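Observations on the model geometry
Okay, here's what each chain looks like letter by letter:
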Amino acid sequence: MTGIKPKPGTAGAFDVTELYKKKPPAFGHPMHEVFGFDPTYVNLNHGSYGSVPLPVKAVLDDLAAQIEANPDKYIRIQNLAHQTEQRERLAKLIGADADECVVVNNTSHGLATVLHNFEWHEGDIIIGTTTTYGAVTAAIKYLGDVPPHPTYSNFTLLFPTTHTAIIENWRNHIDKLVKSNAGDVTQKRKIVAVIDSIASNPGVLLPWKEMVAICKDAGVWTVVDAAHSIGQELDINLADAKPDFWVSNCHKWLLAKRGCAVLYVPKRNQHIIKSPIATPVTYHSPQDDNYKGPQDFVTLFEWTGTIDYVPQLSATAALDFRQWLGGEYKINEYCHNLAIAGGKRLAELLGTSVLDPEGDLTLNMVNVELPIPGDIEYSAEINALLQHTLLLEWNAYAAHFHHNGKWWARCSAQIWNEISDFEYMANAFRDACARVVELAKRDSEK
């Protein structure tokens, strides 16, 4: 258990030490007693922002009190030990060395740190996909908008599809880029591929390890956006997968406090990361008279300016909570089975279908077609109508998006959900989608 321990009797409604001696609630609605949800809220969108269990919050409240009691002592002395413990536990979970892992605010920050640390040259190429998370695509395009203007290469991913097809198309895409890059070695362009481990929309597992291997054989750098992986994907094992960079949110499926993410940089690539964002005062500059070489990777991220350290240290408490529940396999077995069953039930009630009927690309997020004609294209007005209907009138939510000519819902199955939540969501979506169709009809008649 964590070295960050609550004082008995002071952790809100929980004495966490005593709680963890007891049997946890059953998965499903009984689990609500250890979460702080509005009792009427049907939450099938855990994948967007995560949810902090009350026992984890209790530990973090005590940590916050400890920090405020003596900020100097905590930040200057005690914080480092807590950081080290957390890095060791996260590294064990993802199959890495502790000195290859640091904590950052979120996956977007981690990816930005990596991409901005590459030394870009004219003609370099950055690969993204049509399902890359919007903010990450924007970051790639931004790099292309400023000197020296690396080129953006967009790999098309359209679902439904199969891992076999993705791998074949990815290999062809990489081969084509590499061949176009052949010639004078002194002019050879750098190619960096940003790869999702689990895409956001649709919420599907990609064959990212195979995609990384293809890039490795071709001499292409790999930056894995694993925002949804830790806490959802079993057997990550980065030592075997060997991505060049990998970053995952702990505040999503691991149940830490937002924002908290782990950035993995293997020792062979740590020379690439010259500075976090923001640059710490301890940065070693070659301009310094006493320059002794680059600073240690982990040390670079220990203090990047004054922040609230509570979220960044929350993964340790989250891991304790998950251990109490029975561990990673037990948690994900329940969530995966519910995603499969819940997706089928939602599709049945909506009269549609699931994106991945065989379940090969499905972990704990399931994608179900919505009853909205595909020729009704996405707009901010339609998005707002769906959000307002679901949240303000039904007090329920699952992500929704337009992809490959159809509208879809992405439902995140978590330990507090049951089939009845999918049934309630069917009624909510039926109402919301009818309003979208009516809005589109009125607009067409104008």
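Here the structure is a predicted model, which is why all the values come from computation and not from measurement.

Before going further, it helps to examine helix H12 (residues 314–325). Counting along an α-helix, one turn takes 3.6 residues, and residues three or four places apart therefore face a common direction. Between its terminal C-alpha atoms H12 stretches 17 Å, which fits the 16 Å expected from 12 residues at 1.5 Å a residue. Within H12 the residues assigned to the buried category are Ser314, Ala315, Thr316, Ala317, Ala318, Leu319, Asp320, Phe321, Arg322, Trp324 and Leu325. Buried residues in H12 make contact with helix H1 (16–19), helix H3 (54–69), helix H4 (71–94), helix H11 (309–312) and helix H13 (328–350). Backbone geometry just after H12 places Gly326 at a positive phi near 125°.

What follows covers the sheet that holds strand E9 (residues 365–369). Strand order across the open sheet formed by 3 strands is E9-E12-E11, with antiparallel pairing between neighbours. Both outer strands of the open sheet, E9 and strand E11 (399–403), are each paired with one neighbouring strand and no more. Geometrically, the sheet is characterised by an average inter-axis angle of 30° between neighbouring strands, direction not taken into account. Both E9 and strand E12 (residues 406–412) contribute to a ladder of 5 bridges, which runs antiparallel. For Val368, the partnering residue across the bridge sits in E12 and is Ala409. The sheet strands contacting H13 are E9 and E12, and the helix crosses E9 at an angle near 15°. Sitting on the sheet, helix H14 (residues 380–393) touches E11 and E12, and the angle it makes with E11 is about 155°.

Turning our eyes to something else, we now look at the layout of surface pockets. Here the largest pocket defines a volume of roughly 800 Å³. Elements with a contribution of two residues or more to the lining of the largest pocket: helix H2 (46–49), helix H5 (107–117), helix H6 (134–145), H14 and E11. No other element matches E11, which puts 5 residues into the lining of the largest pocket. Looking at the lining of the largest pocket residue by residue, the class counts come to 10 nonpolar, 20 polar and 4 charged.

In this section: the sheet that holds strand E4 (residues 151–155). Taking strand neighbours across the sheet as the criterion, the 7 strands line up as E2-E8-E7-E6-E5-E3-E4 in an open arrangement whose pairing is mixed. Edge positions in the sheet fall to strand E2 (101–104) and E4, since each has one partner strand and no second. Each adjacent strand pair in this sheet contributes to an overall mean axis angle of 20°, direction not counted. With 5 bridges connecting them, strand E3 (residues 125–129) and E4 associate as parallel partners.

Glancing now at the pattern of salt bridges. Applying the stated criterion across every chain, the model contains 15 salt bridges. In this structure, Glu369 and Lys406 form a salt bridge, with 3.7 Å as the shortest nitrogen-oxygen distance. Of this pair, Glu369 sits in strand E9 while Lys406 sits in strand E12, and the two are 37 residues apart along the sequence. We note a salt bridge from Glu393 to Arg435, for which the minimum N-O separation is 2.7 Å. With Glu393 in helix H14 and Arg435 in helix H15 (residues 419–445), the pair connects residues that are 42 residues apart, well separated along the chain. On the accessibility criterion, Arg435 (28% relative accessible area) is partly exposed. Several salt bridges share partner residues, and in doing so they unite Arg345, Glu348 and Glu423 into one network.

Here we come to empty space enclosed by the protein. Under the counting rule described, the total for this entry stands at 1 cavity of 30 Å³ or more. Taken as a whole, the largest cavity spans an internal volume of roughly 100 Å³. What lines the largest cavity is simply Gln83, Gln86, Arg87, Val102, Val103, Val298, Phe301, Glu302, Tyr309, Gln312 and Leu313. Counting only elements with at least two residues in the lining of the largest cavity, the list comes to H4, E2 and H11.

Quick look at the packing of H13 against H15 now. For any two helices packed against each other, the geometry comes down to the angle between their axes and how far apart the axes lie. Between H13 and H15, the least distance of the axes is 9 Å, while the angle of their chain directions is 35°. Between H13 and H15 the crossing geometry is right-handed. Where H13 abuts H15, its residues Leu338, Ala341, Gly342, Gly343, Arg345, Leu346, Leu349 and Leu350 lie against Ile419, Phe422, Glu423, Met425, Ala426, Phe429 and Arg430. A breakdown of the residues in the contact of H13 with H15 according to their chemical character gives 10 nonpolar, 2 polar and 3 charged.

Moving on to the environment of Tyr142. The topology assignment puts Tyr142 in helix H6. By relative accessible area, Tyr142 is classed as partly exposed at 45%. Each C-alpha atom, one on Tyr142 and one on Ile198, is 23 Å from the other, the two residues being 56 residues apart in sequence.

Another aspect to go through is the packing of aromatic side chains. The geometry of an aromatic ring pair is captured by the separation of the ring centres together with the interplanar angle, meaning the angle of the planes. Here the structure, examined in full by the defined rule, presents 16 aromatic pairs. Note on Tyr20 and Trp324: the rings are 5.1 Å apart at their centroids and 35° apart in plane angle, and the pair reads as tilted. With a gap of 304 residues between them, Tyr20 in the loop between H1 and strand E1 (42–43) and Trp324 in helix H12 connect regions that are remote in the sequence. Exposure class is identical for Tyr20 and Trp324. Each is buried. Between the aromatic rings of Phe155 and Trp170, the centroid separation amounts to 5.0 Å while the plane-to-plane angle is 85°, which identifies the pairing as edge-to-face. One end of the pair, Phe155, is in strand E4; the other, Trp170, is in helix H7 (residues 163–180), with 15 residues separating them in the sequence. Each member of the pair, Phe155 together with Trp170, is buried. Here the aromatic cluster, defined as three or more aromatic residues joined through ring pairs, consists of Tyr20, Phe35, Phe37, Tyr41, Phe321, Trp324 and Trp416. Just above the ring of Phe27 sits the side chain of Lys330; from NZ or CZ to the centre is 5.8 Å.

What counts, and where the lines are drawn
- Residues numbered from 1 in each chain as written.
- Predicted model: local features only at pLDDT ≥ 70, side-chain atom pairs only at ≥ 80, totals over all residues.
- Heavy atoms only, no water.
- Helix = DSSP H or I, 4+ residues; strand = E, 2+ residues; numbered from the N terminus.
- Expected span 1.5 Å × (residues − 1).
- Buried < 20%, exposed > 50% of the residue type's maximum accessible area, 1.4 Å probe, protein only.
- Contact = heavy atoms within 4.5 Å.
- Pairing = 2+ DSSP bridges.
- Axes fitted to C-alpha atoms, helices over the stretch in contact; angles between N-to-C directions.
- 1 Å grid on protein atoms, 1.4 Å probe; cavity = no way out; pocket = protein on both sides within 12 Å on 5 of 7 lines; lining within 4 Å.
- Points joined across faces, edges and corners; volume = space filled by probe spheres on them.
- Nonpolar A, V, L, I, M, F, W, Y, C, P; charged D, E, K, R; others polar.
- Salt bridge = Lys/Arg side-chain N within 4 Å of Asp/Glu carboxyl O.
- Left-handed = near helix turned anticlockwise from the far one by under 90°.
- Phe/Tyr/Trp six-rings, centres within 6.5 Å; stacked < 30°, edge-to-face > 60°.
- Lys NZ or Arg CZ within 6 Å of the ring centre and 35° of its normal.

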